[in-house]
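The primary structure of each chain is shown beneath.
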Amino acid sequence: MAPQGLDDPDKDAPDGAPAAPVRKRPKPGERRVQILHALATMLEQPDADRITTAALAARLSVSEAALYRHFASKAQMFEALIEFIEQSIFTLANQIAEREADPAVQIQRILSMVLQFAEKNPGMTRVIVGDVLVFEHERLSARMNQFLDRLESLLRQSYRALADARGSMSPTVDAQVGASLATSFLLGRLQRFARTGFKRPPTEHLATTLQHLLVA
């Protein structure tokens, strides 16, 4: 059911008439969450190449002006989704890196976490791979690229520790190659997930695939 509008509650009904149902205003911040949730849900539709504010407003049963009371532009809505992706993934990735002493386990768990996040949030997957950002402000694609660079850097640290533990003669190179391969694997799985209309899960044969990624 679509969220209720922002209009004032109905006035008292005439004597003898049934009282009209009272429509409650969303709590502070609640409407922003509703807008972002609706946007993410619309992104889960495989044919949603470009979502307009008009379509988003219609889904929420509000006016476009109501959207702009919470976000100055559609770009800001996408930035909020990207911020959610960043906070969710890097909070968990840093926790994994801190708690797991074995670098091989760190890599496996970080990659698994990202793919599981994407599988549970199909709309966010399309943001990560960037296909829904093509027609949006270029700063959104730039920020998503920075996210991927940051993720690769985090993986590089784990691959460097793994190379050192294995006595590699070229740990820096091994770490760069390993992190690049892992990031490419992630992007490939996410792009396939989005391209197939979310029918091919990114976690398919994951345990076996991760073993191959960690072969010395």
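Higher on the page you've got the structure.
Fair warning: this is a prediction, and the values are worked out from it, not measured in the lab.

How two helices sit against one another is set out by the angle between their axes and by the gap between those axes. Their axes nearest at 10 Å, the elements helix α1 (residues 30-43) and helix α2 (residues 53-60) cross at an angle of 115°. Judged on the interaxial angle alone, α2 and α1 are roughly perpendicular. Both α1 and α2 take part in a crossing whose hand is right-handed. Between α1 and α2, the residues in contact are Q34, I35, A38, L39, T41 and M42 and A55, L56, R59 and L60, respectively. Split by residue class, the contact of α1 with α2 holds 7 nonpolar, 2 polar and 1 charged.

The next thing to look at is unusual backbone geometry. Positive phi outside glycine occurs at S61, with the angle close to 60°. Of note, the phi angle at H205 is positive, near 50°, even though the residue is not glycine. Mapped onto the elements of the fold, H205 is located in the loop between α8 (171-195) and α9 (206-213). Overall, the relative accessible area of 59% leaves H205 in the exposed class.

Attention now moves to the side chain of T53. Structurally, T53 can be placed in helix α2. Among the polar contacts made by the side chain of T53, one reaches the side chain of E64 at a distance of 2.6 Å. If we ignore the near neighbours within four places in the chain, the residues touching T53 are E64, L67, Y68 and K74.

What counts, and where the lines are drawn
- Residues numbered from 1 in each chain as written.
- Predicted model: local features only at pLDDT ≥ 70, side-chain atom pairs only at ≥ 80, totals over all residues.
- Heavy atoms only, no water.
- Axes fitted to C-alpha atoms, helices over the stretch in contact; angles between N-to-C directions.
- Helix = DSSP H or I, 4+ residues; strand = E, 2+ residues; numbered from the N terminus.
- Parallel < 35°, antiparallel > 145°, perpendicular 65-115°, else oblique.
- Left-handed = near helix turned anticlockwise from the far one by under 90°.
- Contact = heavy atoms within 4.5 Å.
- Nonpolar A, V, L, I, M, F, W, Y, C, P; charged D, E, K, R; others polar.
- Buried < 20%, exposed > 50% of the residue type's maximum accessible area, 1.4 Å probe, protein only.
- Polar contact = N/O pair within 3.5 Å; in protein donor to acceptor, adjacent residues only side chain to side chain.

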